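# Remarks on the overall topology
Take a look at the letters that make up each chain.
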Amino acid sequence: MTDARPQSIPPSPVVPAKRWAYVIPVAAIMYMLAYLDRNNVSVILPYMHGDLELSNADKGLVGGIFFVGYVFLQIPAAILAQRWSARKTVLILMVAWGLAASLSGLVQTKSQFYVARFVLGFFEGGVWPAVLILLASWFPLRERARANALWMACLPLSSVFMAPLSGWMLDHASWRWVLVLQGVPPLVWAVVWWFAVADRPAQARWISRAEAEHVERSIAADEAAKPPVGSGSYLDAVKQKSVLVLIGVYFFWITGFYGFNLWLPSVIKELTHDGSSTEVGLLTAIPFTVALAVMIANAAWSDRTGSHRQAVAVPLVVGLAALLLGQAVDGALPRMLLLCVTAAAVYAPYGPFWAIPGQLLRFEVVAVAMGLINALGNLGGFAGPYLVGWLTDATGSSMTGFAVLSGFLAVAVALVTLGLRTGTHPVRRLSEQAAERA
């Protein structure tokens, strides 16, 4: 896959850019709330103090079973967003996941907790591809990595704000009340979403005619430049080698990503010698603050240079090296620094990675391809947490688990560098043709 753009690119005309101030923040806050309900369990698990009698393997299963449910609505929600309405699809799912999140605080047994996490994953699963479809209607390809990254900045940003909040709440209330109360904000934000978001520029009241016409012209040019995919059917799209490679990249990357994410607070608690939940929550926010800055900078570099493949591979190499080194050093400060490096590395590829499917596939088929990539790739969200928990029980240390996670990241690097290295000329053609139309 060749990422290089031409050396001489004519300057783009100056157009209004309200879409960056309206679409991105509303979508980012919405998904930040989703990510809170997904990841608050990582802060809560070290402080359940024997409730539900969870072993480390059980805790890994609690974190991982969310992603089994997460698979089911990926493709249906993507198709609904593309054919019907991304705005309405996300609204329905937001209300459903908010209710499911609150109900998870009422469980009484380990099995009920598993079911509650599965249901939460089921409803949250369709949101990611639906928002990617929404962004594809608002941002041309040459802006897509930045738009994706600014929206996906909600992932580390959620942990920056919500990990300390969850820790503080745990010092003042039981874990059950934390889960119940943190399910309420999505229900409130659903109202904001309904009134603030439109499916496309022509339907938004706040956008200028000049900006709407610019966006629609640019996206139409992007679509016209894309090569046809066989008969144009969904099956033809997902049978492409590039799509299959992207599924593999995402699976191995996400296995390392969520394995690291779920167990990060537990590692920090160990470094603080069983510090309070507030202290652990505040310290947990530090790696994600670093990740936020690196994630946005990497996406901006990726859009500027067109080097999406390198913008995925290089951070993952840094991440696997930091994971391995973190198991070999002693001392709280060096290990904390390496946790920051790892967090930045596993978050940095998000924007560039999700710009790649939109470059390869036409809009009418990209929905199901992104849904499939996210559905199968996120099964790594089950494998990573459970694997670390099981290995921690088996060996008495998290060291083996994190070493294995670095191996998964290494496979992701090999796939993105070798699997997409050749035979993917459409990306280069699209970059050149989009630049000529700028």
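Residues numbered from 1 in each chain as written. Predicted model: local features only at pLDDT ≥ 70, side-chain atom pairs only at ≥ 80, totals over all residues. Heavy atoms only, no water.

### Digging into the packing of aromatic side chains
Operational definition: Pairing of aromatic rings covers Phe, Tyr and Trp, the last counted by its six-membered ring, and requires centre-to-centre distances within 6.5 Å; plane angles under 30 degrees mean stacked, over 60 mean edge-to-face, and any other angle means tilted. Here a strand is any run of E in DSSP of at least two residues, a helix any run of H or I of at least four, and the numbering for each starts at the N terminus. Accessible area is worked out with a 1.4 Å probe on protein chains only. A residue is then buried under 20% of its type maximum, exposed over 50%, and partly exposed in between. When the NZ atom of lysine or the CZ atom of arginine is within 6 Å of a ring's centre and also within 35 degrees of its normal, the charge is said to sit over that ring.
Applying the stated criterion to the full structure yields 27 aromatic pairs. Between the aromatic rings of Tyr 250 and Phe 353, the centroid separation amounts to 5.1 Å while the plane-to-plane angle is 15 degrees, which identifies the pairing as stacked. Remark: Phe 353 occurs in helix H16 (residues 350–360) and Tyr 250 occurs in helix H12 (residues 241–271); sequence separation between them is 103 residues. For the residue pair Tyr 250 and Phe 353, the accessibility class agrees, reading buried in each case. Taken together, a centroid distance of 6.3 Å and an interplanar angle of 40 degrees make the contact between Tyr 347 and Tyr 350 tilted. A residue is classified by how much of its surface remains accessible, and Tyr 350, at 1% relative accessible area, is buried. An aromatic cluster of at least three residues, connected via ring pairs, comprises Tyr 31, Trp 128, Trp 151, Tyr 250, Trp 253, Phe 257, Phe 288, Tyr 347, Tyr 350, Phe 353 and Trp 354. Seen from the ring of Trp 194, Arg 87 lies directly overhead, with NZ or CZ sitting 3.6 Å from the centre.

### Here's the deal with the pattern of salt bridges
Spelled out, the test is: Every case where a carboxyl oxygen of Asp or Glu lies within 4 Å of a side-chain nitrogen of Lys or Arg is listed as a salt bridge.
As enumerated under the stated definition, the model contains four salt bridges in all. Residue Asp 58 is joined to Lys 110 by a salt bridge in which the shortest nitrogen-to-oxygen separation is 3.3 Å. With a gap of 52 residues between them, Asp 58 in helix H2 (residues 56–70) and Lys 110 in helix H4 (residues 110–124) connect regions that are remote in the sequence. Linking Arg 146 and Asp 303 is a salt bridge whose minimum nitrogen-to-oxygen distance equals 2.9 Å. Of this pair, Arg 146 sits in helix H6 (residues 141–152) while Asp 303 sits in helix H13 (residues 277–305), and the two are 157 residues apart along the sequence.

### With respect to the side chain of Arg 335
Selection criterion: Residues are treated as being in contact if the distance between any of their heavy atoms lies within 4.5 Å.
Note on placement: Arg 335 falls in helix H15 (residues 332–347). Apart from residues lying up to four places away in sequence, Arg 335 is in contact with Val 267, Glu 270, Leu 271, Gly 326 and Val 329.

### Focus on the confidence of the model for the protein chain
Detailed reading of the predicted coordinates is not advisable wherever pLDDT is low. For clarity, the cut-off: Predictor confidence is given residue by residue as pLDDT, running from a minimum of 0 to a maximum of 100.
Considering every residue of the protein chain, the mean pLDDT works out to 80; 87% of them sit at 70 or more. Within the protein chain, helix H20 (residues 425–437) has the poorest average pLDDT of any element, 43, and helix H9 (residues 185–196) the best, 93. For the stretch residues 1–12, pLDDT sits under 50, and the model shows 32 contacts to residues farther than four places along the chain or on other chains. This stretch, residues 422–438, has a pLDDT under 50; its non-local contacts, to residues over four places away or in other chains, come to 35 contacts.

### Structural notes on the environment of Ser 85
Our working definition: Whenever two N or O atoms come within 3.5 Å, that pair is a polar contact, provided that in protein one can donate a hydrogen and the other can accept it, and provided that, for residues adjacent in sequence, both atoms are side-chain atoms.
Looking at the element boundaries, Ser 85 is found in helix H3 (residues 74–103). By relative accessible area, Ser 85 is classed as buried at 2%. Sequence separation between Ser 85 and Ala 198 is 113 residues; the distance between their C-alpha atoms is 9.0 Å. Only 2.7 Å separates the side chain of Ser 85 from the side chain of Asp 199, close enough to count as a polar contact.

### What about the packing of helix H5 (residues 127–136) against H6?
Between two packed helices, both the angle of their axes relative to each other and the distance between the axes serve to describe the pair. Our working definition: For helices, the fitted line uses only the C-alpha atoms of the stretch in contact; every axis is such a line through C-alpha atoms, and the angle between N-to-C directions lies from 0 to 180 degrees. Each angle receives one of four descriptions, namely roughly parallel if under 35 degrees, roughly antiparallel if over 145, roughly perpendicular if within 65 to 115, and oblique otherwise. Each crossing gets its handedness from the near helix: less than a right angle anticlockwise from the far helix is left-handed, clockwise is right-handed. Under the scheme applied here, ten amino acids are nonpolar (Ala, Val, Leu, Ile, Met, Phe, Trp, Tyr, Cys and Pro), four are charged (Asp, Glu, Lys and Arg), and all others, including Gly, are polar.
At a minimum axis distance of 11 Å, the contact between H5 and H6 shows a crossing angle of 140 degrees. One way to sum up the angle between H5 and H6 is to call them oblique. For the crossing formed where H5 meets H6, the hand is right-handed. Here H5 contributes Trp 128, Val 131, Leu 132, Leu 135 and Ala 136 to the contact with H6, which in turn contributes Arg 144, Ala 147, Asn 148, Trp 151 and Met 152. Taken together, the residues of the contact of H5 with H6 break down into eight nonpolar, one polar and one charged.

### Considerations on H6
So the rule is basically this: For a helix, the expected span equals 1.5 Å multiplied by the number of residues minus one.
If you check H6, its first and last C-alpha atoms are 16 Å apart, about what twelve residues at 1.5 Å a residue would give, namely 16 Å. The buried count for H6 comes to ten of twelve residues, which makes it a mostly enclosed element. Of all the residues in H6, the buried ones are Leu 141, Arg 142, Glu 143, Arg 144, Ala 145, Ala 147, Asn 148, Ala 149, Trp 151 and Met 152.

### Points about the packing of H3 against H9
Direction vectors running N to C along H3 and H9 enclose 170 degrees, while the axes themselves pass 8 Å from each other. Comparing their axes, H9 and H3 come out roughly antiparallel. For H3 against H9, the interelement crossing comes out left-handed. Facing Ala 86, Arg 87, Lys 88, Val 90, Leu 91, Met 94, Val 95, Trp 97, Gly 98 and Leu 99 of H3, the residues of H9 in contact are Pro 186, Leu 187, Trp 189, Ala 190, Trp 193 and Trp 194. For the contact of H3 with H9, the per-class residue count stands at 13 nonpolar, one polar and two charged.

### Topic: a nonpolar patch on the surface
Short version of the rule: Patch membership needs two things, relative accessible area over 30% and no salt bridge, and members are linked within 9 Å if like-charged or within 5 Å if nonpolar (Val, Leu, Ile, Met, Phe, Trp, Tyr). Computed with the Shrake-Rupley method and a 1.4 Å probe, the accessible areas treat only the protein chains shown as cover for residues.
On the surface, a nonpolar cluster with roughly 320 Å² of combined accessible area is contributed by Leu 80, Trp 84 and Ile 92. Examined against the element boundaries, Ile 92 turns out to sit in helix H3.

### Side note on helix H18 (residues 380–395)
Applied cut-off: Throughout, the arc means the angular range of directions from the helix axis out to the C-beta atoms.
Given a rise of 1.5 Å per residue, 16 residues ought to cover 22 Å, and the 22 Å separating the end C-alpha atoms of H18 matches this to within 8%. Among the residues of H18, those classed as buried are Gly 380, Gly 381, Gly 384, Pro 385, Val 388, Gly 389, Leu 391 and Thr 392. Down the axis of H18, the smallest arc covering the buried residues is 165 degrees, so these residues share one side. Remark: Gly 396 follows H18 within two positions and exhibits a positive phi of approximately 80 degrees.

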